[in-house]
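Descriptive structure summary
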Amino acid sequence: MQQLFSARADRRLRFGMLAGAIGLGALGLAAWTLARSDRAWGVGVAAPQPVPFSHAVHAGGLGLDCRYCHATVERAASAGMPTAETCLGCHRQVWSVSAQFAPLETALSLGGSIAWSSVHRLPEHVRIHHGAHVAAGVACGTCHGVVEAMPRTVKIETMSMGWCLDCHRGAVAGSAAARAGHDAYTHFGIALPPLTRCSTCHR
Ligand code: HEC
Ligand code: HEC
Ligand code: HEC
Ligand code: HEC
Ligand code: HEC
């Protein structure tokens, strides 16, 4: 049978297919890397807030304790957020002239809570317990960075599952409390260490 395409056209087709395959591969790799980049996880990106607030001014400069505004961090799952009263307790006296505190007065007349934006929010199916970490001696800065130096609050770690597990695997061997929990499980023939079990973090 006679050749339909010249040898040259054949070569061109093969080359084209090869280049296409390499191009697709490179595109896939780029997408894969991008999805895992810090930027894609929102690391270093501040969120707009209803009232301007600076940790650098309040926790850094004024030296206020984290618990002054995040009152439940030692005992509850949630760290807790300041209400309008917490801010106005000081800001009726200092800096009170500024119109930027108007949303606080509005919030107060509606019951006090303010809709702060979160840069750390985990998906619905994941839970974390602040009290358990504080009790185990994990410092705020381990997960949140040097918040007291931040003029605008940003995330410094991805808060991805892999990031949590990196510590939970090590913590099982490291912390005494975690070790005791681990031993209780192995006593009943359960092999998985509790801190890495799915149900530790997933509902
Ligand atoms: C005077 C009150 C006040 C103090 C003191 C304070 N914070 Fe905050 N914190 C806030 C407010 C208001 C927000 C929400 C606005 C923002 O993110 O900047 C916030 C947000 C945060 C967030 C982000 C929460 C999220 O959902 O993404 C972290 C983390 C945090 N604070 C940690 C700390 C740590 C650690 C300290 C102590 C070093 C501290 N804060 C001290 C008022 C305070
Ligand atoms: C313990 C008292 C105290 C509390 C509580 C407090 N502040 Fe302040 N705040 C101050 C003082 C004092 C200054 C002035 C600091 C300076 O000039 O260095 C200030 C400055 C500010 C400023 C102007 C400087 C800046 O950051 O741009 C804003 C805005 C502000 N506070 C918002 C808030 C909000 C919002 C809350 C509640 C989450 C809050 N403050 C809670 C004492 C307080
Ligand atoms: C093991 C890591 C870890 C440690 C340690 C930690 N946090 Fe958090 N924090 C998180 C995560 C993850 C979230 C998001 C929680 C969510 O979406 O349910 C968060 C959320 C917050 C919030 C927003 C309110 C809330 O509870 O959702 C504040 C405020 C906060 N942390 C303050 C602190 C302070 C203050 C400390 C130290 C006393 C601290 N955190 C220690 C991981 C940590
Ligand atoms: C730097 C280390 C570290 C990181 C990072 C970390 N954890 Fe933990 N976590 C611990 C330690 C230590 C404990 C306490 C173990 C104990 O008390 O037995 C703990 C306990 C917990 C508990 C409570 C377990 C229980 O039932 O008592 C939950 C839930 C949890 N972590 C979720 C998370 C999630 C979700 C993340 C990521 C967003 C995370 N942790 C990141 C070290 C860490
Ligand atoms: C130490 C805490 C922790 C443990 C243990 C854990 N996860 Fe997760 N998991 C997370 C966090 C945090 C996320 C959310 C990451 C994000 O923001 O997308 C997540 C997300 C997921 C998702 C959603 C996937 C995605 O990309 O959003 C699945 C599915 C999942 N986990 C399954 C599991 C299974 C199965 C196990 C047990 C083998 C497990 N996880 C154990 C913390 C944990």
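Anyway, here's the lowdown on the structure attached to this text. Along every chain, residues carry numbers that run from 1 in the direction the sequence is written. Chain letters start at A and ligand numbers start at 1, both assigned in the order the entries are written. Local features in this predicted model are restricted to residues of pLDDT 70 or higher, and side-chain atom pairs are both shown and tallied only at a pLDDT of 80 or more, whereas totals for entire chains, interfaces and linings draw on every residue. For side-chain calculations, the full set of non-hydrogen atoms in the structure is used, while hydrogens and water are omitted.

This part covers the overall build of the protein. Numbering of helices and strands runs from the N terminus, with a helix taken as a DSSP run of H or I at least four residues long and a strand as a DSSP run of E at least two residues long. Counting secondary structure elements, the protein contains 10 helices and 0 strands. Secondary structure of the protein in N-to-C order comes out as α-α-α-α-α-α-α-α-α-α. Buried residues are those whose accessible area, probed at 1.4 Å on protein chains only, stays under 20% of the maximum for their type, while exposed residues exceed 50% and partly exposed ones sit between those limits. Taking all 203 residues of the protein together, 20% fall into the buried category. Throughout, a contact is declared for two residues whenever any of their heavy atoms are within 4.5 Å. Taking as baseline every contact in the protein between residues at least 6 positions apart, the subset at least 24 positions apart corresponds to 61%. Only the protein chains shown count as cover for residues, and the accessible areas themselves come from Shrake-Rupley with a 1.4 Å probe. Approximately 14100 Å² of the protein is accessible, and the part contributed by carbon and sulfur atoms is 66%.

Here we come to the coordination of the iron atom of ligand 1. A 2.8 Å cut-off from the metal defines N, O and S donors, relaxed to 3.2 Å for Na, K and Ca; water is not in the atom list, so some sites may appear incomplete. For the iron atom of ligand 1, the full set of protein donor atoms is H55 (NE2) and H70 (NE2), at a range of 2.0 Å. Under this scheme a four-donor centre is tetrahedral when all angles range from 85 to 135 degrees, a four-donor centre is square planar and a six-donor centre octahedral when opposite donors are above 155 degrees with the rest from 65 to 115, and any other centre is irregular. One way to put it: the 6 donor atoms around the iron atom of ligand 1 meet at angles of 87 to 179°, and that makes the site octahedral. A residue pair is termed long-range when its members are at least 10 positions apart, and H55 in helix 2 (residues 55-61) and H70 in the loop between helix 3 (66-69) and helix 4 (84-91) qualify at 15 residues.

So, about the site of ligand 4. Being near a molecule or strand, for a residue, comes down to having at least one heavy atom within 4 Å of it. Around ligand 4 there are 18 residues in total, and H133, C164, C167, H168 and T200 lie nearest to it. Contacts described as polar in this section are N or O atom pairs within 3.5 Å, which, within protein, must combine one atom able to donate a hydrogen with one able to accept it, while residues neighboring in sequence count only if both atoms come from side chains. Note that a nitrogen atom of ligand 4 is positioned 2.7 Å from one of the side-chain N or O atoms of H133. Counting only elements with at least two residues in the shell around ligand 4, the list comes to helix 6 (130-135), helix 8 (161-174), helix 9 (176-187) and helix 10 (198-201). Of all the elements, helix 8 adds the most residues to the shell around ligand 4, at 5 residues. Classification used: nonpolar for Ala, Val, Leu, Ile, Met, Phe, Trp, Tyr, Cys and Pro, charged for Asp, Glu, Lys and Arg, polar for all others including Gly. Considering only residue class, the shell around ligand 4 consists of 13 nonpolar, 4 polar and 1 charged.

Let us now look at the coordination of the iron atom of ligand 5. Donor atoms from the polypeptide that coordinate the iron atom of ligand 5 comprise M161 (SD) and H202 (NE2), at 2.0 to 2.1 Å from the metal. For the iron atom of ligand 5, the 6 donor atoms in the first shell make angles of 87 to 179° at the metal, so the coordination geometry reads as octahedral. Of the two residues, M161 sits in helix 8 while H202 sits in the segment after helix 10, which places them 41 residues apart along the sequence. Classification of M161 as exposed rests on a relative accessible area of 55%.

Note on H55: relative accessible area 15%, which makes it buried. A polar atom in the side chain of H55 sits 3.0 Å from the side chain of T153. Residues within four places of H55 in sequence aside, it is in contact with G60, H70, V147, E148, M150, P151 and T153.

Looking at ligand 1, there are 19 residues lining it, with H55, C66, C69, H70 and T153 nearest. Here a nitrogen atom of ligand 1 and a side-chain polar atom of H70 are 2.8 Å apart. Of all the elements in the fold, those that place two or more residues in the shell around ligand 1 are helix 3 and helix 7 (140-144). When grouped by side-chain class, the residues that make up the shell around ligand 1 number 10 nonpolar, 7 polar and 2 charged.

Okay, the environment of T72 next. The topology assignment puts T72 in the loop between helix 3 and helix 4. Of the residues examined, T72 reaches a relative accessible area of 23% and is grouped as partly exposed. Once residues within four sequence positions are removed from consideration, T72 is found in contact with S78, A79 and G80.

What follows concerns unusual backbone geometry. Of note, M159 is a non-glycine position whose phi angle comes to about 65°, a positive value. For M159, a relative accessible area of 14% puts it in the buried group.

This paragraph deals with the nonpolar core. Only buried residues count toward a nonpolar core, which is a set of Ala, Val, Leu, Ile, Met, Phe, Trp, Tyr and Cys residues joined through side-chain atoms within 4.5 Å. Membership of the largest hydrophobic core is limited to 9 residues, which are V51, A84, C87, L88, F101, L104, A107, I114 and W116. Among the elements of the structure, helix 4 and helix 5 (102-109) are those that each provide at least two residues to this core. Element by element, the count of residues in this core is highest for helix 4, at 3 residues. The residues contacting A107, other than those within four sequence positions of it, are A84, G112, S113 and I114.

Function cannot be read off these values alone, since they describe shape.
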